[in-house]
Amino acid sequence: MSIPDIVVPAQRNLQPQAHFQAPRRIPPASLSSSSPPFSIVHISDPHLSRRYYREHLKSFKLLLRSILERRCDHLIITGDIVSTADPDDYFLAREILSRFGLLDGKRLTVVPGNHDIFGGPHRAVDVLSFPRHIRSVDYHRNLALFREAFSETFDGALFLSGDNSYPFLKRIGPFSLLGLNSIPPWSLWSNILGTNGSLDEHQFDSLRALAGSPGIAGTIPIAAIHHHFHDMLDQDSCGNSLWHSIEARTMKLRNRRRMFRLFGALNIRFVLHGHIHRNEVYERSGITIANGAGSVCDDPTRYLKYNRLTYAGGKCEIETEMLPIPFQTAGVTLPLKRFPAGLSQSRLSPLPAL
Ligand SMILES: [Fe+2]
């Protein structure tokens, strides 16, 4: 069976068709094994900056080069593309992505992370000044700056929430990709460091309207969002329990249950995210979730890596592929190495056939 196209109207900003009478649940994708193979690569949190973490620039370029040398039909970056929310750093990110031919809606999708909007403390001394600095950040200006900086990547997207850019919907090969903004404005009570996540009511309303329409039937729905789905308070804290408690309360995504109910109604199979700097694939409520935030930094396994979501022969699977290239470190260019003993090149996560 051929895959029906998503109807993308000529005008970008449309109100969702909430009046549409349709089944409560979108039927699962009905792709055949003869549909052509398609490969999505997912990375996150490169934290590009002219001033800090210059080693990330080299890591990021090495990673992009390696990804594009292998099969990559579409690249998704789930936020914290820059570290400072500085326009110069956006320009730098644009420059790099452009050099690799990625400033194109067909080749790249991005969603914002908290560092793209608020920046963050980068030196020990910033920890004291950042809570004061963040109050002066113009949230809406920076969100618009993010959209403008990567404007070409939004070409072909259908914006589901009127003049709000999120959520947006893109048809990518056999997939329907929902791009979400999990970065809420600053709040003294619920988002004092800008690191907590949530979806605003516009996004919930738009997802609900989409769940009641046939718009993504016959495709494999996936979502891209910055925040993770762990409850860090439930996890064992190794080390400083006070710090763990602070981290758990300032790095969390609110309304996860409500989100999962909607994801279920939309038949979402995969969620791609970042935020906690490590790569991992895990399950929540029957949905496979992949974190790509250890692609260029901080992951305990200090090698460049990415997640690959592959559709082939009527089956879908996601895996983390690790390159034989260590993270670059400040001022030092590390030689290429073989993998340390005991590390496999990929952690394969086979999934049931569709
Ligand atoms: Fe990050």
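Figured I'd write up the structure that's included with this text. Please read these numbers as outputs of a predicted model, since none were measured by experiment.

Attention shifts here to the overall build of the protein. Across its full length, the protein holds 8 helices and 13 strands. In the protein, the share of contacts with a sequence separation of at least 24, taken over all contacts with a separation of at least 6, comes to 73%.

Another aspect to go through is helix 6 (residues 201-211). Where helix 6 is concerned, the buried positions are Gln203, Ser206, Leu207, Leu210 and Ala211. The arc that holds every buried residue of helix 6, seen down its axis, measures 140°, which confines them to one face.

By the secondary structure assignment, Gly313 is in the loop between strand 11 (303-312) and strand 12 (315-326). With 13 C-beta atoms counted inside 10 Å, the residue Gly313 sits in the partly exposed group. Each C-alpha atom of the pair Gly313 and Ser35 lies 7.0 Å from the other, and the pair is 278 residues apart in sequence.

Moving on: helix 5 (residues 139-149). Among the residues of helix 5, those classed as buried are Asn142, Leu143, Phe146 and Ala149. The buried residues of helix 5 occupy an angular sector of 130° when projected down its axis, which confines them to one face. Exposed positions of helix 5 whose direction lies more than 90 degrees from the buried face are His140, Arg141, Ala144 and Glu148. On the buried face of helix 5, the contacting elements are helix 2 (87-99) and helix 3 (114-118).

With that settled, consider the pairing of strand 10 (residues 287-292). Most of strand 10 is tucked away: 5 of the 6 residues are buried. Across 4 bridges, the pairing between strand 8 (residues 270-273) and strand 10 is parallel. Bridge pairing in strand 10 places Val271 opposite Ile289. Connecting strand 9 (residues 279-284) to the next strand, strand 10, in antiparallel fashion are 2 residues, including Ser285 with a positive phi near 50°.

Moving on: the environment of Ile183. Looking at the secondary structure, you find Ile183 in the loop between strand 6 (175-179) and helix 6. Ile183 gets classed as buried once you count the C-beta atoms within 10 Å, which come to 31. Along the sequence, Ile183 and Asn196 sit 13 residues apart, while their C-alpha atoms lie 7.3 Å from each other. Discounting residues that sit within four places of it in the chain, Ile183 has contacts with Pro112, Gly113, Asn114, Ile117, Gly197 and His226.

Take unusual backbone geometry next. Geometrically, the link from Tyr166 to Pro167 is a cis peptide bond, its omega value of 0° lying close to zero. Among the structural elements, Pro167 can be located in strand 5 (residues 164-172). The backbone of Asp45 shows a phi angle near 55°, a positive value even though the residue is not glycine. Examined against the element boundaries, Asp45 turns out to sit in the loop between strand 1 (38-43) and helix 1 (54-69).

Soluble globular proteins tend to bury their nonpolar side chains together. Ranked by size, the top nonpolar core spans 72 residues in total, and within it Leu63, Leu180, Ile222, Ala223 and Ala224 carry the most contacts. Residue contacts for Ala223: discarding those within four places in its chain leaves Leu178, Leu180, Phe263, Ile268 and Val271.

Alignment of strand 1 against strand 11, held across 5 bridges, turns out to be antiparallel. Following the sheet pairing, His42 is matched in strand 11 by Asn307. Here strand 1 runs beside strand 2 (residues 74-77); their pairing, made up of 4 bridges, is parallel. Looking across to strand 2, one finds that Ile40 is bridged to His74. In this region the chain leaves strand 1, passes through helix 1 and returns to the parallel neighbour strand 2; the handedness of that crossover is right-handed.

The rules behind each value
- Residues numbered from 1 in each chain as written.
- Predicted model: local features only at pLDDT ≥ 70, side-chain atom pairs only at ≥ 80, totals over all residues.
- Helix = DSSP H or I, 4+ residues; strand = E, 2+ residues; numbered from the N terminus.
- Contact = placed C-beta atoms within 7 Å.
- Buried ≥ 20, exposed ≤ 12 C-beta atoms within 10 Å, placed from the backbone.
- Arc of directions from axis to C-beta.
- Pairing = 2+ DSSP bridges.
- Core = buried A, V, L, I, M, F, W, Y, C linked by C-beta atoms within 7 Å.
- Right-handed = clockwise from strand over helix to strand, strands pointing away.

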